[in-house]
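What the coordinates show
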Amino acid sequence: MREDRAPTSTTRQGSEGAPRLWHVTLSLSGAEAPLGEVRRGLEQLAHDHPFLLTSRYAHDHAEIRYWEEARDLHDAAAVALRLWGEHRRTAQLPPWEIVGLEVIDRETYHQRVARGYGPAPATPVGVHPY
């Protein structure tokens, strides 16, 4: 490969089609719900979805951060967009809508953290109020 050429997506992901890790941040919002119910629902979601890193919540919004293994960004985003709806009934989550989604690859996530732009290192894993 010539040095002045940018790496292709195949080079970056290793072998074509191999799963990669993606850091997902899902933001939700809706009508107010009791904090205890929101917390219990997010704890159940964390139990059901083992890669869940951290959740922050309030009466009317929440943010979920987790790792997803997927072939590409499109697959990771599709799974993220289904996560809340598919687990809403079993985890008894509020009927909130997704208002934000960020999906970044592992390399980008680690670059952000190294430069101080990622989630605060002191942010504990688990479910926490804002």
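As a starting point, this report considers the structure included with it. (Residues numbered from 1 in each chain as written. Predicted model: local features only at pLDDT ≥ 70, side-chain atom pairs only at ≥ 80, totals over all residues. Heavy atoms only, no water.)

With that settled, the discussion passes to the overall build of the protein chain. The helix and strand inventory of the protein chain stands at four helices and five strands. Looking at the protein chain residue by residue over its 130 residues, the buried ones come to 34%. Looking at the protein chain alone, contacts between residues at least 24 apart form 73% of all its contacts between residues at least 6 apart. For the protein chain, the exposed area adds up to about 8100 Å²; of that, 51% sits on carbon and sulfur atoms. (Helix = DSSP H or I, 4+ residues; strand = E, 2+ residues; numbered from the N terminus. Buried < 20%, exposed > 50% of the residue type's maximum accessible area, 1.4 Å probe, protein only. Contact = heavy atoms within 4.5 Å. Areas by Shrake-Rupley, 256 points an atom, 1.4 Å probe, with all protein chains shown as cover.)

Here we come to helix 3 (residues 73-88). Given 3.6 residues per helical turn, the α-helix brings residues three or four places apart onto the same face. Between the first and last C-alpha of helix 3 there are 23 Å, a value that for 16 residues agrees with the 22 Å anticipated at 1.5 Å per step. Of all bends in helix 3, the biggest is about 35°, found at Arg-82. Its buried side turned inward, helix 3 meets strand 1 (20-29), helix 2 (35-48), strand 3 (61-70) and strand 4 (97-105). Of the residues that open helix 3, the one with a side-chain oxygen 3.2 Å from the backbone nitrogen of His-74 is Asp-72. (Expected span 1.5 Å × (residues − 1). Bend = angle between axes of the 7 residues up to and from the residue. Polar contact = N/O pair within 3.5 Å; in protein donor to acceptor, adjacent residues only side chain to side chain.)

As a further point, take the nonpolar core. In this structure, Leu-28, Leu-42, Ile-64, Tyr-66, Trp-84 and Trp-96 are the most contacted members of the largest nonpolar core, which totals 24 residues. For this core, the secondary structure elements donating two or more residues are strand 1, helix 2, strand 2 (52-57), strand 3 and helix 3. With five residues, the top contributor of residues to this core is helix 3. If near-sequence neighbours (up to four positions away) are discounted, Tyr-66 is found in contact with Trp-22, His-23, Val-24, His-49, Phe-51, Leu-52, Leu-53, Val-79, Ala-80 and Leu-83. (Core = buried A, V, L, I, M, F, W, Y, C linked by side-chain atoms within 4.5 Å.)

Most of strand 3 is tucked away: eight of the ten residues are buried. Sheet analysis places strand 1 next to strand 3, joined by ten bridges and oriented antiparallel. Looking at strand 3, one finds that Leu-21 is bridged to Glu-69. Here strand 2 runs beside strand 3; their pairing, made up of five bridges, is antiparallel. If you follow Ser-55 over to strand 3, its bridge partner there is Ile-64. The turn joining strand 2 and strand 3, which pair antiparallel and follow one another in sequence, is formed by three residues. (Pairing = 2+ DSSP bridges.)

Turning our eyes to something else, we now look at the packing of aromatic side chains. Within the structure shown, the criterion is met by two aromatic pairs. For the ring pair Trp-67 and Tyr-109, a centre distance of 4.9 Å and an interplane angle of 80° mean the geometry is edge-to-face. Of this pair, Trp-67 sits in strand 3 while Tyr-109 sits in helix 4 (residues 106-114), placing them 42 residues apart in sequence. Plain terms: the ring middles of Trp-84 and Trp-96 are 6.1 Å apart, the flat faces sit at 5° to each other, and that makes the pair stacked. Of this pair, Trp-84 sits in helix 3 while Trp-96 sits in the loop between helix 3 and strand 4, and the two are twelve residues apart along the sequence. Assigned by exposure class, Trp-84 and Trp-96 land together as buried. (Phe/Tyr/Trp six-rings, centres within 6.5 Å; stacked < 30°, edge-to-face > 60°.)

With that settled, consider unusual backbone geometry. A positive phi angle, near 55°, is found at Gln-92, a position not held by glycine. Looking at the secondary structure, you find Gln-92 in the loop between helix 3 and strand 4. For Gln-92, a relative accessible area of 52% gives the class exposed.

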